Amino acid sequence: MPLISEHTFTSPFQNFTREQWKRLNGQLSHSIQEKDLDQLHALNEPLTMDEIEDIYIPLAHLLEVHIHNFQELHSKSNVFFKRNHQKLPFIIGIAGSVAVGKSTTARVLTKVLSLLPNKPKVELVTTDGFLYPNKELIKRNILNRKGFPESYDTKKLMQFLADIKSGKSQVTVPLYSHLEYDVLSNEKLVISQPDVLIVEGINVLQVNSRKNGVFVSDFFDYSIYVDADEKNIVKWYIDRFESLRATAFQNSASYFHKYANLSEEESFEMAKHIWNEINKPNLHENILPTRYRADLILKKGSEHFIKRVKVRKI
Ligand SMILES: Nc1ncnc2c1ncn2[C@@H]1O[C@H](COP(=O)(O)OP(=O)(O)O)[C@@H](O)[C@H]1O
Ligand SMILES: CC(C)(COP(=O)(O)O)[C@@H](O)C(=O)NCCC(=O)O
């Protein structure tokens, strides 16, 4: 069966059904070993092993091809430019709507990539750490615009990526707490020369978050967009809100503690309201338009299972 369906021949993407994608798994001479799967079992993520084996392992193998090429190009460029740069990280951007499952995808991919045969050091950074602190958002009167392009300190994010891409040995990253609903003032993550860096966030493929004509994605070597129909994303947002209400929001330190005693029905209404007022317009105005800028699109079905993969033709 041909891998490209006829109606896609004008598209820059090659389309794979889940069944086709899954069969690509065995095409490398080596693969993630059976014993490694135990480590994936231990991941406390809501993903099934089928999803990891059918989707993420082939994806890791495809990325391995790109990482290998990137490293070879880097060392040949070093010879050409007569320079002695140490290795630079291969940077992967992961974009998509709030609640589509970017964080889950990013965490699983971090683990799966780290199991590749040469055991690369893989680090994960989320761009919510680069949101302005609430104090600053309030000062700018944009607390209700959290997640929109203007709520991020893009200059800081670009500086971080520029530092990483210039081989700086240690770079610090601000951290965000969903419990406090704010950037943590006293905690930072230290990134120290990984082989692969995953940068996950709703804004990573946006062209309106530009500094001096440079986009965040100019620093990426590969990018992935996690996609799903909006009716599913809303449901996942509402479900996550309700499960947080029953757990994390009960903590008095939680920013959303005020919602802890809502009934299930009230919680549903509140989540729907936040979705409609903030996350939905952001999806339509700023996130969805970036979808086809990605190198690869993972399209989810109703239960979070990836049903199609689109890969930019090369
Ligand atoms: N593959 C998956 N299978 C089942 N549930 C998932 C999956 N991916 C995400 N979820 C659930 O969907 C919700 C949103 O996922 P999350 O990774 O937090 O999204 P995002 O980072 O895009 O906001 C969470 O409740 C998460 O547990
Ligand atoms: C901090 C975020 C912008 C980041 O989204 P994420 O990348 O974690 O999906 C988002 O979680 C958020 O807080 N949005 C504001 C509206 C809301 O509370 O859902």
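From a predicted model like this one, the values you see are computed outputs, not experimental measurements.

1. Focus on the UniProt feature "binding site: ATP" (unreviewed entry) in the protein
So, point 1. The sites that carry the UniProt feature "binding site: ATP" (unreviewed entry) are, in the present numbering, Gly96, Ser97, Val98, Ala99, Val100, Gly101, Lys102 and Ser103.
So, point 2. With respect to the helices and strands, the residue serine 97 is situated in the loop between β2 (90-96) and α4 (102-114).
So, point 3. Beyond its immediate stretch of four places on either side in the chain, serine 97 contacts Lys102, Ile202, Tyr225, Val226, Ile233, Trp275, Leu283 and Ile287.
So, point 4. Tracing the chain through its elements places serine 103 in helix α4.

2. Notes on unusual backbone geometry
So, point 1. Located in the positive-phi region is asparagine 141, a residue other than glycine, with phi close to 60 degrees.
So, point 2. One can find asparagine 141 in the loop between α5 (134-139) and α6 (154-165).
So, point 3. Positive phi outside glycine occurs at histidine 304, with the angle close to 80 degrees.
So, point 4. Judged by relative accessible area, histidine 304 falls into the partly exposed class, the value being 32%.

3. A word on the site of ligand 1
So, point 1. Around ligand 1, the surrounding shell holds 13 residues, and the nearest of these are Ala99, Lys102, Ser103, Thr104 and Arg240.
So, point 2. Serine 97 places a polar main-chain atom, nitrogen or oxygen, 3.4 Å from an oxygen atom of ligand 1.
So, point 3. Within the side chain of arginine 240, a nitrogen or oxygen atom sits 2.8 Å from an oxygen atom of ligand 1.
So, point 4. Within the complex, 79% of the 560 Å² of free accessible area of ligand 1 lies under protein.
So, point 5. Broken down by element, the residue count for the shell around ligand 1 peaks at three residues, all from α4.
So, point 6. When the residues that make up the shell around ligand 1 are grouped by side-chain class, the tally is five nonpolar, five polar and three charged.

4. A look at the sheet that holds strand β11 (residues 306-312)
One key point about sheets: their strands pair by backbone hydrogen bonds, in either a parallel or an antiparallel sense.
So, point 1. Strand order across the open sheet formed by seven strands is β1-β11-β10-β9-β2-β6-β3, with mixed pairing between neighbours. The sheet is open, and its two edges are formed by β1 (13-17) and β3 (122-126), each paired on a single side. Averaged over all pairs of adjacent strands, the angle between their axes in this sheet comes to 20 degrees, without regard to strand direction.
So, point 2. Bridge count for β2 against strand β9 (residues 222-227) is five bridges, and the pairing is parallel. Of the residues in β9, the one forming a bridge with glycine 93 is serine 223.
So, point 3. Each of β2, β3, β6 (196-200), β9 and β10 (296-300) is contacted by α4, which is oriented at about 175 degrees to β6, the strand it contacts most.

Parameters and conventions
- Residues numbered from 1 in each chain as written.
- Chains lettered and ligands numbered in written order.
- Predicted model: local features only at pLDDT ≥ 70, side-chain atom pairs only at ≥ 80, totals over all residues.
- Heavy atoms only, no water.
- UniProt positions renumbered as here; feature names shortened; annotations may be inferred.
- Helix = DSSP H or I, 4+ residues; strand = E, 2+ residues; numbered from the N terminus.
- Contact = heavy atoms within 4.5 Å.
- Buried < 20%, exposed > 50% of the residue type's maximum accessible area, 1.4 Å probe, protein only.
- Near = heavy atom within 4 Å.
- Polar contact = N/O pair within 3.5 Å; in protein donor to acceptor, adjacent residues only side chain to side chain.
- Areas by Shrake-Rupley, 256 points an atom, 1.4 Å probe, with all protein chains shown as cover.
- Nonpolar A, V, L, I, M, F, W, Y, C, P; charged D, E, K, R; others polar.
- Pairing = 2+ DSSP bridges.
- Axes fitted to C-alpha atoms, helices over the stretch in contact; angles between N-to-C directions.

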